[in-house]
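So you can see what is in the structure, the chains are spelled out below.
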Amino acid sequence: MDKKISNISELIIKELEKRIKPIEFKRYIKQLKYNESLSNIHSAVFEAPNALIANWAQAKYAELIATLFEMKTNIKPAILFRISDDEVLLTSFLEGSKAPKISTIGSPLNPLYTFENFIVGGSNEFAYRAAIMASKKPGIVYNPLFIHGGVGLGKTHLMHAVGNVLKDHGKDVIYTSVENFLNDFSRYLRIGEMEQFKNKYRKCDLLLIDDVQFLSGKVKVQEEFFHTFEALKNENRQIIITSDQHPKKIAGIEKRLISRFEWGLVADIQPPELDTKLEIIKKKCEINRVSFSNDIIQYIATIIENNTREIEGIITKLNAYSQLMGIEVDLEFARSVMKNQIEEKKTEITIDSILEMVAKELNVKQSEMRSNNRTVPVVQARRIAIYLSRTLTPNSMPQLASYFGLKDHTAVSHTMKKIKAMIETDDDFKLKIHEMINKVSNI
Ligand code: ADP
Ligand code: MG
């Protein structure tokens, strides 16, 4: 980028100073440094002292910065932030920006999505092992590798991890969303360069197609994707596909494609168990270079249910607040910061919804909990359901006694004491109760 534009970056910083609260400007914008040598007409690169500031700046100011650039230069560049003492490019192109995209096919791999940074637990071990195999013997063992699971469970992370390994071995890797694939396809079709499109997509060593459920209903692209798939498969080039569902359950996709999705290996990822979740949070803290005490980490684990993606947001938020206010993050602080987040998601809790959740969590029948079944697991489940109902719903003790078929309210009061004592003495139990509260609150 030439001197002129570099001066413009100074101008923009000045403009920002006018528009942003002084304290925020001081804490965030002032800490950003414009990197002239990495910037060009398409993208303006800023360096941040740590990942949190980079994330925060990306979330809060990238759009504003891009708009200011546009006002001054008539060009709206993508705004990128990277950590200064690290080669890691933290954030990719501004989502939804009209910024001109650098004309590579596909999108960049996230360098932080590696196998080393992936926490393995029962919920994801199968998919993890399959991905490792695909990275060791691409195109040979599982082709395609189809990974499915809910939002934020690490599908994209795993596929990038394979991509990062192969890229390090000098292989040609393409990572793309269905939307990107579609855009490329239309673009090349428009300029009459389909051969070029085919050459790229059909000659790569590894093709990563993310969120393939979005192919649903798009006949023309499915057709093109089918041929791409065949060409790659025939030459033993590795394909990895992710989706939010098992291939059989994706509607609106041609049968011949679905059957090909199942040719290799279909691996699912389940929501993480508590242990895995705790490890993921620790890992994310480590990557973001923040440290929280164990009780905060456990607290974060209870707030997020399944979507691991929320972890980073929470860590960033906690840290940003603590920096802004200049105080250490302790449990109480964490609770107050997260309060809004929790309340937004709260749904009405009833004895029925508690019963349903407890039955599912502890693997007992709802009817058993309301009967006089005295087996240990049922008694325990019943006690927990009573405790939660008393704590989370407005029902009185006599009402609960009648609902659960107990003699009278003293039985409820006795149960409350028992569970409270257990919460006080058994940390694992306490955590489990917290988890259940979050589950039933739909957090
Ligand atoms: P998906 O593609 O399944 O929606 P992502 O791969 O985007 O989910 O994961 C969401 C976030 O959670 C990412 O920041 C990712 O690094 C993190 N994550 C998910 N699972 C794990 C895991 N097992 N270990 C470490 N990080 C994880
Ligand atoms: Mg994903």
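Here's a quick rundown of the structure.

The rules behind these values
- Each chain has its residues counted from 1, running along the sequence as written.
- Chains and ligands are labelled by the order in which they are written, letters from A for the one and numbers from 1 for the other.
- In view of the model being predicted, local features appear only for residues whose pLDDT reaches at least 70, and side-chain atom pairs are presented and counted only at 80 or more, with totals across whole chains, interfaces and linings using the full set of residues.
- Hydrogens are left out, water is left out, and the side-chain values use all remaining heavy atoms of the structure.
- Basic side-chain nitrogens of Lys or Arg form a salt bridge, by our definition, when they fall within 4 Å of a carboxyl oxygen of Asp or Glu.
- A strand pair is defined by DSSP finding two or more bridges across the two strands.
- A helix here means a DSSP run of H or I that spans at least four residues, while a strand means a run of E at least two residues long, and both kinds are numbered starting from the N terminus.
- The axes are straight lines fitted to the C-alpha atoms, using for helices just the contacting stretch, and the angles between their N-to-C directions are given from 0 to 180°.
- By the convention used here, residues are in contact when the closest approach between their heavy atoms is within 4.5 Å.
- Angular relationships are summarised with four words: roughly parallel below 35 degrees, roughly antiparallel beyond 145, roughly perpendicular across 65 to 115, and oblique for the angles in between.
- By definition, any crossing whose near helix is turned counterclockwise from its far helix by less than a right angle is left-handed, and any crossing with a clockwise turn is right-handed.
- To be near a molecule or strand, a residue needs just one of its heavy atoms within 4 Å of it.
- For this analysis, a polar contact is any N or O atom pair within 3.5 Å, provided that within protein one partner can donate a hydrogen and the other can accept it, and provided that sequence-adjacent residues contribute only side-chain to side-chain pairs.
- Only the protein chains shown count as covering a residue, and every accessible area follows the Shrake-Rupley method with a 1.4 Å probe.
- Put simply, Ala, Val, Leu, Ile, Met, Phe, Trp, Tyr, Cys and Pro go in the nonpolar bin, Asp, Glu, Lys and Arg in the charged bin, and everything else, Gly too, in the polar bin.

### Description of the pattern of salt bridges
Under the criterion given, the structure shown has 19 salt bridges. Each of the salt bridges in this network shares a partner with another, and the network as a whole consists of E15, K18 and R19.

### Observations regarding the sheet that holds strand β4 (residues 145-149)
Whether parallel or antiparallel, the strands of a sheet pair through hydrogen bonds between backbone atoms. The five strands lie next to each other as β5-β6-β7-β4-β8, forming an open sheet whose pairing is parallel. Unpaired on one side and paired on the other, β5 (173-177) and β8 (265-269) mark the two borders of the sheet. With strand direction ignored, the average angle separating the axes of adjacent strands in the sheet is 15°. Pairing geometry for β4 and β8, over five bridges, is parallel. Bridge pairing in β8 places G149 opposite I269. Sheet contacts for helix α4 (residues 125-136): β4, β7 (238-243) and β8; angle to β8, the most-contacted strand, approximately 135°.

### Thoughts on the packing of helix α10 (residues 274-287) against helix α11 (residues 294-303)
The contact between α10 and α11 brings their axes to 9 Å, and the two run at 120°. One finds that α10 runs oblique with respect to α11. Crossing of α10 over α11 shows right-handed handedness. Along its contact with α10, which presents L274, K277, L278, I281 and K282, the element α11 presents N294, I297, Q298, I300 and A301.

### Some remarks on the site of ligand 1
With respect to spatial proximity, 18 residues lie near ligand 1, and among them G152, T156, H157, K284 and R309 are the closest. A distance of 2.8 Å separates a nitrogen atom of ligand 1 from a polar backbone atom of I119. At 3.3 Å from a nitrogen atom of ligand 1 is found a side-chain nitrogen or oxygen belonging to N124. In isolation ligand 1 offers 560 Å² of accessible surface; the protein chains occlude 96% of this area. Taken together, the elements giving at least two residues each to the shell around ligand 1 come down to α5 (155-168), α10 and α12 (309-325). Per element, the largest residue contribution to the shell around ligand 1 is three residues, and it comes from α5. Within the shell around ligand 1, the residues separate by chemical class into six nonpolar, eight polar and four charged.

### What to know about the packing of helix α14 (residues 351-362) against helix α16 (residues 376-392)
Two elements in contact, α14 and α16, have axes separated by 9 Å at closest approach and are oriented at 145°. Note that α14 runs across α16; the crossing there is right-handed. In contact with I351, I354, L355, M357, V358 and L362 of α14, α16 contributes A381, I384, A385, L388, S389 and L392. Here the residues of the contact of α14 with α16 sort into 11 nonpolar, one polar and no charged.

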